[in-house]
Amino acid sequence: MAKVVMVGDLYVGKTSLINRFCKNVFDRDYKATIGVDFEIERFEILGIPFNLQIWDTAGQEKFKCIASAYYRGAQVIITAFDLGDLQTLEHTRHWLQDALKENEPDSCSVFLIGTKKDTLSEAECERTEQDALKYASEMNAEFWSVSAKTGEHVKDFFFRVAGLAFEQSMKKELEKSRHSTTQIGAGSLIQLEGNSPEKRENDFRPNINCC
Ligand SMILES: Nc1nc2c(ncn2[C@@H]2O[C@H](COP(=O)(O)OP(=O)(O)OP(=O)(O)O)[C@@H](O)[C@H]2O)c(=O)[nH]1
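Under the annotation held in an unreviewed UniProt entry, the chain carries the name Ras-related protein Rab-36 and is attributed to Pyxicephalus adspersus. For the record of the chain, the UniProt heading Subcellular location (unreviewed entry) holds the text "Golgi apparatus membrane".

Next comes the structure, spelled out in structure tokens:
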């Protein structure tokens with residue numbers, strides 16, 4: 001199980017994104033998240049069951065102190081902004097800082113996600129994506145743009161999150177056991193010996209299924 005925390009300004013579409021992925025629904029009406037909420041999503045990666053605990057935090061300032069109590073222990077931090085509102089992109093830096101403060105240095109993977117892709121023309125979207133890529137590089141984050149309304153890139157995005165979290169968990173297991181091979185689950189053998197980290201990153205195409 002890996003903990004994923006989603007942060008970002010109010011109204012950027014954090015809840016909608018999680019609901020699109022976990023329940024395949026989209027609600028046009030806004031209901032503010034009060035404090036925090038979470039969903040558990042089950043995956044099967046290389047035949048091994050793997051769960052993501054996805055925490056949806058409130059963007060409203062008045063709930064921030066409740067929400068920040070849940071940042072600890074995150075393996076993945078997703079900072080979300082509205083592709084149509086550049087201020088929300090600027091604010092992602094602060095959201096990320098706050099979330100990182102509660103975690104061990106270098107213990108989290110970071111994603112920057114632009115939402116509501118359906119509300120922009122292709123040209124507008126490309127312009128914002130250029131800006132977002134600069135932020136992503138500063139934040140050491142991977143950038144994605146998505147739409148909860150149409151579902152565009154939503155599944156691919158969460159599968160990527162699951163794949164990365166799974167890979168990290170395996171690395172941790174390996175560090176713990178200090179062996180070059182490890183046996184996980186019922187007979188699935190994962191051999192990581194001899195692969196350079198760069199090569200592994202490029203070659204890592206796990207067979208991911210959502211249960
Ligand atoms: N057109 C469009 N609207 C969206 C999309 N995602 C979310 N919205 C709308 O944006 C509004 C805010 O969405 P939420 O998901 O509630 O936003 P949030 O970031 O969770 O807000 P807080 O809970 O206050 O932090 C809602 O009215 C959604 O219907 C999208 O991809 N496209």
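Further notes follow.
*Asks:* What should I look at first to understand the site of the ligand in this one?
*Replies:* Every one of the 23 residues lining the ligand counts as a neighbour, but Gly 13, Thr 15, Ser 16, Thr 33 and Gly 59 are closest to it. With three residues, the top contributor of residues to the shell around the ligand is helix H1 (residues 14–23). Split into classes, the residues belonging to the shell around the ligand amount to seven nonpolar, nine polar and seven charged.

*Asks:* Please explain the pairing of strand S1 (residues 2–8) as it appears in this structure.
*Replies:* Looking along a regular strand, one sees the side chains alternate between the two faces of the sheet. Of all seven residues in S1, seven are buried; the element is thus mostly enclosed. Burial along S1 is two-sided: the face carrying Ala 2, Val 4, Met 6 and Gly 8 and the face carrying Lys 3, Val 5 and Val 7 are both buried. As paired strands, S1 and strand S3 (residues 48–57) are joined by five bridges and run parallel to one another. Residue pairing across strands places Lys 3 opposite Gln 53, the latter belonging to S3. Bridge count for S1 against strand S4 (residues 76–82) is five bridges, and the pairing is parallel.

*Asks:* Teacher, can you tell me more about the packing of helix H3 (residues 86–101) against helix H4 (residues 122–139) here?
*Replies:* A pair of packed helices can be characterised by two numbers: the angle between their axes and the separation between those axes. Interaxial distance between H3 and H4 falls to 11 Å at its minimum, and their mutual angle equals 5°. By the criterion of interaxial angle, the relationship of H3 to H4 is roughly parallel. Taken together, the residues of H4 that come into contact with H3 (itself represented by Leu 86, Leu 89, Thr 92 and Leu 96) are Asp 131, Ala 132, Tyr 135 and Met 139. Partitioned by chemical class, the residues of the contact of H3 with H4 number six nonpolar, one polar and one charged.

*Asks:* Help me understand the nonpolar core in this model?
*Replies:* Where a protein is soluble and globular, its nonpolar side chains tend to be buried together. By size, the foremost hydrophobic cluster in this structure holds 43 residues, and its most contacted members are Val 4, Val 5, Met 6, Val 76, Ile 77 and Ala 162. In terms of residues, this core owes the most to one element, helix H5 (residues 154–177), which gives seven residues. If sequence neighbours within four positions are ignored, Ala 162 has contacts with Phe 43, Ile 45, Phe 50, Leu 52 and Ile 208.

*Asks:* How should H3 be read in this particular structure?
*Replies:* Each α-helix turn comprises 3.6 residues. Residues three or four places apart therefore point the same way. Its 16 residues give H3 an end-to-end C-alpha distance of 24 Å, which sits within 8% of 22 Å, the value for a rise of 1.5 Å per residue. The largest bend along H3 reaches roughly 30° and is located at Thr 92. Listing the buried residues of H3 in full gives Thr 88, Leu 89, Thr 92, Trp 95, Leu 96 and Ala 99.

*Asks:* Before we go on, may I ask you to explain unusual backbone geometry in this structure?
*Replies:* The phi torsion of most residues other than glycine is negative, and most of the peptide bonds are trans. Of note in this structure, Tyr 11 is not a glycine but carries a positive phi near 75°. Inspection of the secondary structure puts Tyr 11 in the loop between S1 and H1. By C-beta crowding, Tyr 11 is classed as partly exposed, having 17 other C-beta atoms within 10 Å. Backbone geometry places Lys 116, a non-glycine residue, at a positive phi of 60°. Inspection of the secondary structure puts Lys 116 in the loop between strand S5 (109–115) and H4. Taking the number of C-beta atoms within 10 Å as the measure of exposure, Lys 116 has 23 and is therefore buried.

What counts as what
- Residues numbered from 1 in each chain as written.
- Predicted model: local features only at pLDDT ≥ 70, side-chain atom pairs only at ≥ 80, totals over all residues.
- UniProt positions renumbered as here; feature names shortened; annotations may be inferred.
- Near = placed C-beta within 6 Å.
- Helix = DSSP H or I, 4+ residues; strand = E, 2+ residues; numbered from the N terminus.
- Nonpolar A, V, L, I, M, F, W, Y, C, P; charged D, E, K, R; others polar.
- Buried ≥ 20, exposed ≤ 12 C-beta atoms within 10 Å, placed from the backbone.
- Pairing = 2+ DSSP bridges.
- Axes fitted to C-alpha atoms, helices over the stretch in contact; angles between N-to-C directions.
- Parallel < 35°, antiparallel > 145°, perpendicular 65-115°, else oblique.
- Contact = placed C-beta atoms within 7 Å.
- Core = buried A, V, L, I, M, F, W, Y, C linked by C-beta atoms within 7 Å.
- Expected span 1.5 Å × (residues − 1).
- Bend = angle between axes of the 7 residues up to and from the residue.

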